[in-house]
Amino acid sequence: MQPLYHELTPHPSHVRIEIIEQPQQRATRFRYECEGRCAGSIPGVRYSDRLKSFPTIRVVGFNGRAKVRVSCVTAGVPYRVHPHGLVGRNCSDGIYQNVIEDCRLNYSFNNLGIQCIKKQLIPDAIQKRQELGVDPFQEGYNHSHSLNHHELSAIRLCFEVFLEISSTYSRPLEPVVSDVIFDKKTLEELVICQLSSVSAPAAGGKTIILTCERVTRDDIQVRFFEKSAAGLVLWEAFADFQPSNVHKQVAITFKTPPYLNSDIKNDVQVLVELFRPSDKKTSEPRTFTIYPNRTFSESNSSSNGPLPEFNQSFALSSLASSTQLDLDLEATNGLSVPYQQLPTLELNDTAMDDEFLQSLMTQQQPPGFGNAIYPDQNGFQYSHMLETSSNLPISSSASSAADYSSYDEVSDYHEAA
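It should be emphasised that the depicted structure is a prediction, and the values quoted were computed from it without experimental measurement.

**What about the overall build of the chain?**
- When helices and strands are tallied, the chain shows six helices and 30 strands.
- Long-range contacts, defined as pairs at least 24 residues apart, comprise 68% of the intrachain contacts of the chain with a sequence gap of at least 6.
- Working note: accessible area of the chain is about 21,900 Å², and carbon and sulfur atoms make up 46% of it.

What follows is the structure, encoded as structure tokens:
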């Protein structure tokens, strides 16, 4: 297809393009050429099972013939040439072109689909637009390497009309753009499915895993906020994570943000939700508890309080970096050993007494609650049934310490109690 319009004379401003029906913003899936499927038709905002409508324009103030051209431009200002193209009847090289026989009538685009371009082919697509002379707003073609994911997931339709004067389409009208059309596959409804923990200390920094419906890794945030009784936002902060912490679009590992006041004395109820920056959409919020910061000794002194916050590499290293624990795992594996017979636990070369070891190992728990897991620096696992018993079963494994659970679930049980 060759450029069709050169040295055009603008038409008086009273003749203009008017959009009669906008396209639906979230009903179209952008498809790659290699998918081998029809890209479908972009529906209009009034589209329904009973009324099939499509994007529609009309030319105001002119009687006669005109040529219409439709292309994709970026969603944000300035409106630049977009690498994605249009496919369907009367489309070639990503551009739609056809003749409007009577400008007094509405003109609908009932067979337009959007074909997306792979990132490595973006420069070629932009260059093709340059060869065709397609640049509705004269913004140039030097942006092929600056388009980010958000810009590739959204487009606007740009409508251009060239009036027929003396048998040539030589009078261009001011181009107009549609509402933003988002790629349906990247804008699923935001839903939080599960949280590995529903509480965190006021200082923040607790690692939590959130599972959700599909999200885009560089277009998602986890927002914590607190509202007053009147609905005013008193505090908000965002979780700390990178796009690489989004696992297969359905799970996010993040660290909680610090609360507004890190010296709170009582629990504070806040909310947590997913937030998508590209369209400002949010999920249904979940309740979340911010509790006062606790030291190990504070949490260990109360039988009813939550257990201390241990990380996955816990080996009493939160107490001292030189913690050592020698245990013949092969000799004790599967046996029931009284805690008094456990080997000496050394802290900075100072032996701990049995009373401290007992207070560490036997928290007052509801009988039969489950196993508390203690992974150490060397990758071994120590566990005991959470019952107030002098005999504690000891088990071992040789997996990496990073594979073990933290104390989150046990801690959350106490907080709920």
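**Observations regarding the packing of aromatic side chains**
- Evaluation of the coordinates by the stated rule reveals nine aromatic pairs.
- Summarising the aromatic geometry, the rings of Tyr 107 and Phe 109 are spaced 5.1 Å apart at their centres and angled 70 degrees between planes, so their arrangement reads as edge-to-face. Accessibility classification places Tyr 107 together with Phe 109 in one group, the buried group.
- One aromatic cluster in this structure is built from Tyr 96, Tyr 107, Phe 109 and Phe 159.
- If you follow Arg 223 out to its NZ or CZ, it ends over the ring of Phe 225, 4.2 Å from the centre.

**Overview of the nonpolar core**
- Within the largest apolar cluster, 29 residues are counted, with the highest numbers of intra-cluster contacts made by Val 68, Val 70, Leu 86, Tyr 96, Phe 109 and Val 161.
- Looking at which element gives the most residues to this core, the answer is strand E10 (residues 154-165), with five residues.
- Among all residues touching Tyr 96, those that are not within four sequence positions of it are Val 68, Arg 69, Val 70, Leu 86, Arg 89, Asn 90, Cys 91, Tyr 107, Phe 109 and Leu 112.
- The next biggest cluster of nonpolar side chains, apart from the first, holds 27 residues, and it includes Trp 235, Phe 241, Ile 252 and Val 268.

**With respect to the pattern of salt bridges**
- Following the criterion strictly, the structure yields 13 salt bridges and no others.
- Note that Arg 69 and Glu 160 form a salt bridge whose closest N and O atoms lie 3.0 Å from each other. Separated by 91 residues along the polypeptide, Arg 69 in strand E4 (residues 66-74) and Glu 160 in strand E10 bring together distant segments of the chain. Both residues of the pair, Arg 69 and Glu 160, count as buried.
- Sharing partners across several salt bridges, the network here consists of Arg 16, Glu 18 and Arg 58.

**Observations regarding the sheet that holds strand E20 (residues 251-255)**
- Read from one edge to the other, the open sheet built from four strands follows the order E14-E16-E20-E19, with strand pairing classed as antiparallel. Only two strands of the sheet have a single neighbouring strand rather than two, namely strand E14 (192-195) and strand E19 (246-247).
- Direction of pairing for E14 relative to strand E16 (residues 207-212): antiparallel, over a ladder of three bridges. Across the sheet, residue Ile 192 finds its bridge partner in E16, namely Cys 212.

**Considerations on the environment of Gln 130**
- With respect to the helices, strands and loops of the structure, Gln 130 is situated in helix H1 (residues 122-132).
- For Gln 130 and Tyr 141, which are eleven residues apart along the polypeptide, the C-alpha to C-alpha distance reads 6.9 Å.

**Let's talk about the environment of Phe 137**
- If you trace the backbone, Phe 137 turns up in the loop between H1 and helix H2 (149-152).
- Overall, Phe 137 belongs to the partly exposed group, its relative accessible area being 23%.
- Linking Phe 137 and Val 176, residues 39 residues apart in sequence, is a C-alpha distance of 9.8 Å.
- Residues within four places of Phe 137 in sequence aside, it is in contact with Tyr 79, Cys 158, Pro 175 and Val 177.

**A look at the sheet that holds strand E8 (residues 107-108)**
- Read across the sheet, three strands follow the order E1-E3-E8 without closing on themselves; strand pairing throughout is antiparallel. Only two strands of the sheet have a single neighbouring strand rather than two, namely strand E1 (16-21) and E8.
- Two elements, E1 and strand E3 (residues 56-60), share five bridges in a ladder whose sense is antiparallel. Looking at the pairing, Ile 19 lines up with Ile 57 of E3.

**Describing the confidence of the model for the chain**
- Residues with a pLDDT of 70 or more make up 66% of the chain, whose mean pLDDT is 76.
- Scored below 50 in pLDDT, residues 2-7 makes nine contacts in the model with residues more than four places away or belonging to other chains.
- Note on residues 299-354: pLDDT under 50 across the span, and 104 contacts to partners over four residues away in sequence or across chains.

Conventions used here
Residues numbered from 1 in each chain as written. Predicted model: local features only at pLDDT ≥ 70, side-chain atom pairs only at ≥ 80, totals over all residues. Heavy atoms only, no water. Helix = DSSP H or I, 4+ residues; strand = E, 2+ residues; numbered from the N terminus. Contact = heavy atoms within 4.5 Å. Areas by Shrake-Rupley, 256 points an atom, 1.4 Å probe, with all protein chains shown as cover. Phe/Tyr/Trp six-rings, centres within 6.5 Å; stacked < 30°, edge-to-face > 60°. Buried < 20%, exposed > 50% of the residue type's maximum accessible area, 1.4 Å probe, protein only. Lys NZ or Arg CZ within 6 Å of the ring centre and 35° of its normal. Core = buried A, V, L, I, M, F, W, Y, C linked by side-chain atoms within 4.5 Å. Salt bridge = Lys/Arg side-chain N within 4 Å of Asp/Glu carboxyl O. Pairing = 2+ DSSP bridges. pLDDT = per-residue confidence, 0-100.

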